[in-house]
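# Observations on chain architecture
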Amino acid sequence: HRLWCTGLVRHLWRRRRRQAAIVTAAATALLALLLLASALLSRPLPPPFQLESASTAIAVESIDLFDSRRDVIVLLHMQKTGGSHLNRQLVSGLRRPDMRCQCGRGGLGGARRRKWRCNCRNSRGDLWLVSRYSTGWLCGLHADFAALSACVPGQLAALDSDFERPRRLRYVTMLRRPADRFLSEWQHARRGATWRKSQPTCRGSRPPPCRTGDGAWRGVSLAEFAACRANPALNRQARMLANTSGLPCRAVFANGNRTADLLLASALHNLVGMAAFGLTEWQILTQYLLSRRLGLSFSRLFWQQDATVASNWRASGNFSLVADAGDLQQRRLAELANPADARLYAAAERLFFGQARRLLAREPLLSVGQRARVRDADSAIGGDALTALARRVLLELGAVEVDDAEKADIRRRVRKKLLRAGNDEAESDSNS
């Protein structure tokens, strides 16, 4: 009996030692993984221009800096989202020596073109930007993602016939709050201006027009503008971001709930795959993401304009210069008319602020405490605080503030536009 007890004790002791060894090995492996993750997250971001050595440092964030020797930025310019402002910054505000533009009358089209154009080529003479102000509307007026994907490679091959290596297309775009964008386009349309040449197409066919004749939308009410289901302004952002070539024509032209799901799924897929995107309402964070995700360096800070047609209407329920925006019910009408855009923008906001937080949490130009505050989920740091941190980083990188004289000039031009819109509306009301 004594021998049997001794053997049992030895067996239990050996078993406990084996279990302890397994637990120790698992704890050691877990600690090693935690240390590795901490080291990767604390690794500083590479500064702009370091294209060759940056690939390993940015692998965790899946960032791929722009290389003008083989990359081409393609600006997907959606109406009334601030795309023109971003375009001007790209052609005249960059400080990278390999991304210069020569601007003037003529551009790529020579003497036949009288519009302001910029010839954006690197030191080898290769194009690095496809946009309205560089190449013109290369694939049509306000071409959508499907049109650009099908058209740009062939156009680049014709413009840069001696380029031997494959080109990488880096898509960039801007999004805006759907109700603001829709109201802004409505004001644009009721003044008689349209983008008839940029109507969506599906295998050669176009949707039936809501109105016919020149200036057909002049003086249109918001209710009528939102009621026409074939109006391309409805869910414009989701439609232009989606790859409509693989969707049925009903999904391209109609604006029902079922078609909104098809557009939204494709638009989100393409948005996630873009090199970078910005939000009109967050200009400083947009500039920061472009700087860190693509390695772009801008000479001046992006300025958040404080006066637009939509923002003036939103600030007061019955703004005097907007005759047909009487109360919040009409703003609600603009929101309900764009369900796919609303869902797209909500997802884009989450993605946008997530990218900003991850980059700022590893930003070497911020203090340890500031980075820890961004990483702390309990702090719930908001967009304004992220903007303040991003502004500090951009100033450290050499960007300067827009001077007061230029701000005053921009405000004066916006005020003139608002007054012109109000006069046009008053005239249309008196004629009706």
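Rules used in this analysis
Residues numbered from 1 in each chain as written. Predicted model: local features only at pLDDT ≥ 70, side-chain atom pairs only at ≥ 80, totals over all residues. Heavy atoms only, no water. UniProt positions renumbered as here; feature names shortened; annotations may be inferred. 1 Å grid on protein atoms, 1.4 Å probe; cavity = no way out; pocket = protein on both sides within 12 Å on 5 of 7 lines; lining within 4 Å. Points joined across faces, edges and corners; volume = space filled by probe spheres on them. Nonpolar A, V, L, I, M, F, W, Y, C, P; charged D, E, K, R; others polar. Helix = DSSP H or I, 4+ residues; strand = E, 2+ residues; numbered from the N terminus. Contact = heavy atoms within 4.5 Å. Polar contact = N/O pair within 3.5 Å; in protein donor to acceptor, adjacent residues only side chain to side chain. Phe/Tyr/Trp six-rings, centres within 6.5 Å; stacked < 30°, edge-to-face > 60°. Buried < 20%, exposed > 50% of the residue type's maximum accessible area, 1.4 Å probe, protein only. Expected span 1.5 Å × (residues − 1). Pairing = 2+ DSSP bridges. Axes fitted to C-alpha atoms, helices over the stretch in contact; angles between N-to-C directions. Disulfide = S-S within 2.5 Å. Left-handed = near helix turned anticlockwise from the far one by under 90°. Patch = residues over 30% accessible without salt bridge, like charges linked within 9 Å, V, L, I, M, F, W, Y side chains within 5 Å. Areas by Shrake-Rupley, 256 points an atom, 1.4 Å probe, with all protein chains shown as cover. Salt bridge = Lys/Arg side-chain N within 4 Å of Asp/Glu carboxyl O. Lys, Arg positive; Asp, Glu negative; His and termini not counted. Charge placed at Lys NZ, Arg CZ, Asp CG, Glu CD.

If you check an unreviewed UniProt entry, the protein appears there as Heparan-sulfate 6-O-sulfotransferase from Macrostomum lignano. Regarding the protein, the relevant UniProt record gives this comment under Catalytic activity (unreviewed entry): "alpha-D-glucosaminyl-[heparan sulfate](n) + 3'-phosphoadenylyl sulfate = 6-sulfo-alpha-D-glucosaminyl-[heparan sulfate](n) + adenosine 3',5'-bisphosphate + H(+)".

Gaps between atoms show up when a probe of the same size as a water molecule is rolled over them. This structure, assessed with the given rule, holds four cavities of 30 Å³ or more. Taken as a whole, the largest cavity spans an internal volume of roughly 120 Å³. Lining the largest cavity we find 15 residues, and of these Leu-75, Ser-131, Gly-136, Trp-137 and Leu-148 sit closest to its centre. Broken down by class, the residue content of the lining of the largest cavity amounts to seven nonpolar, seven polar and one charged. By volume, the second largest cavity amounts to about 50 Å³. Residue lining of the second largest cavity: ten residues in total, with Ser-291, Ser-297, Phe-298, Leu-394 and Leu-397 positioned closest to the centre. When its residues are assigned to classes, the lining of the second largest cavity shows six nonpolar, three polar and one charged.

This paragraph deals with the environment of Asp-71. Secondary-structure assignment places Asp-71 in strand S1 (residues 71-76). Taking the C-alpha atoms as reference, Asp-71 lies 6.4 Å from Trp-128; in sequence the two are 57 residues apart. Sequence-distant contacts of Asp-71, defined by excluding residues within four places in its chain, comprise Leu-65, Phe-66, Leu-127, Trp-128, Arg-167, Arg-168 and Arg-170. Looking at Asp-71, its side chain comes within polar contact range of the side chain of Arg-168, at 2.8 Å. One polar contact links Asp-71 to Arg-170, side chain to side chain, over a distance of 3.1 Å.

According to the stated counting rule, one finds eight aromatic pairs in the structure shown. With centroids separated by 5.2 Å and ring planes inclined at 45 degrees, the aromatic side chains of Phe-182 and Phe-225 adopt a geometry described as tilted. Taken together, the positions of Phe-182 in helix H4 (residues 178-190) and Phe-225 in helix H5 (residues 222-227) put the pair 43 residues apart, joining distant regions of the chain. Residue classification places Phe-225 among the buried residues on the basis of a relative accessible area of 1%. Seen from their ring centres, Trp-282 and Phe-353 are 5.4 Å apart, and the 80 degrees between their planes marks the pair as edge-to-face.

When the terminal C-alpha atoms of H4 are compared, their 18 Å separation across 13 residues agrees well with the 18 Å that a helix rising 1.5 Å per residue should span. Counting buried residues along H4, 13 of its 13 residues qualify, which places the element largely inside the surrounding structure.

A few words on the sheet that holds strand S5 (residues 168-175). With parallel pairing, four strands are arranged side by side in an open sheet as S4-S1-S5-S6. Here the strands that pair on one side only, and so sit at the sheet edges, are strand S4 (129-130) and strand S6 (276-279). Direction of pairing for S1 relative to S4: parallel, over a ladder of two bridges. Paired with Val-74 across the strands is Val-130, a residue of S4. Packed on one face of the sheet, helix H9 (residues 283-294) meets S5 and S6 and runs near 170 degrees to S6.

Before going further, it helps to examine the state of the cysteines. Taken as a whole and judged by the stated rule, the model has four disulfides. Residue Cys-101 pairs covalently with Cys-120 via a disulfide, S to S 2.0 Å. What sets the handedness of the Cys-101 and Cys-120 disulfide is the S-S torsion sign, and at about 110 degrees it is right-handed. Pair noted here: Cys-101 is in strand S2 (residues 100-105) and Cys-120 is in strand S3 (residues 116-121), with a separation of 19 residues, a long-range link. The same class applies to Cys-101 and to Cys-120, which are both buried. In this model Cys-210 forms its disulfide with Cys-228; the gap between the sulfur atoms is 1.8 Å. Here Cys-210 and Cys-228 share a disulfide; its torsion about the S-S bond, -85 degrees, makes the bridge left-handed. Taken together, the residues span a long stretch of sequence, with Cys-210 in the loop between H4 and H5 and Cys-228 in the loop between H5 and helix H6 (236-241) at a distance of 18 residues. The exposure class assigned to Cys-210 is partly exposed, which follows from its relative accessible area of 28%.

Neither face of S6 is left uncovered, since the one carrying Ala-276 and Gly-278 and the one carrying Phe-277 and Leu-279 both have all their residues buried. Relative to S6, S5 runs parallel, the two sharing four bridges. Bridging from a neighbouring strand, Leu-175 pairs with Leu-279 of S6.

Relative orientation of the contacting elements helix H13 (residues 368-375) and helix H14 (residues 383-396) amounts to 145 degrees, with a least axis distance of 12 Å. Here H13 runs over H14; the crossing is left-handed. Contact with H13, carried on its side by Gln-370, Arg-373 and Val-374, involves Ala-385, Leu-386, Leu-389 and Arg-392 of H14 and no other residues of that element. Residue composition of the contact of H13 with H14, by class: four nonpolar, one polar and two charged.

A contiguous patch of positive charge on the surface is contributed by Arg-10, Arg-14, Arg-15 and Arg-18. Here Arg-15 shows up in helix H1 (residues 2-41).

Quick look at unusual backbone geometry now. Phi is mostly negative for residues that are not glycine, and the peptide bonds are mostly trans. Even without glycine at this site, Lys-80 takes up a positive phi of about 60 degrees. Within the secondary structure, Lys-80 is located in the loop between S1 and helix H2 (83-92). Even without glycine at this site, Asn-235 takes up a positive phi of about 50 degrees. Looking at the secondary structure, you find Asn-235 in the loop between H5 and H6.

It is worth spelling out the side chain of Gln-89 at this point. One can find Gln-89 in helix H2. Assessed through its relative accessible area of 10%, Gln-89 is described here as buried. Residues in contact with Gln-89, not counting those within four places in the same chain, are Leu-94, Phe-298, Arg-300 and Phe-302.

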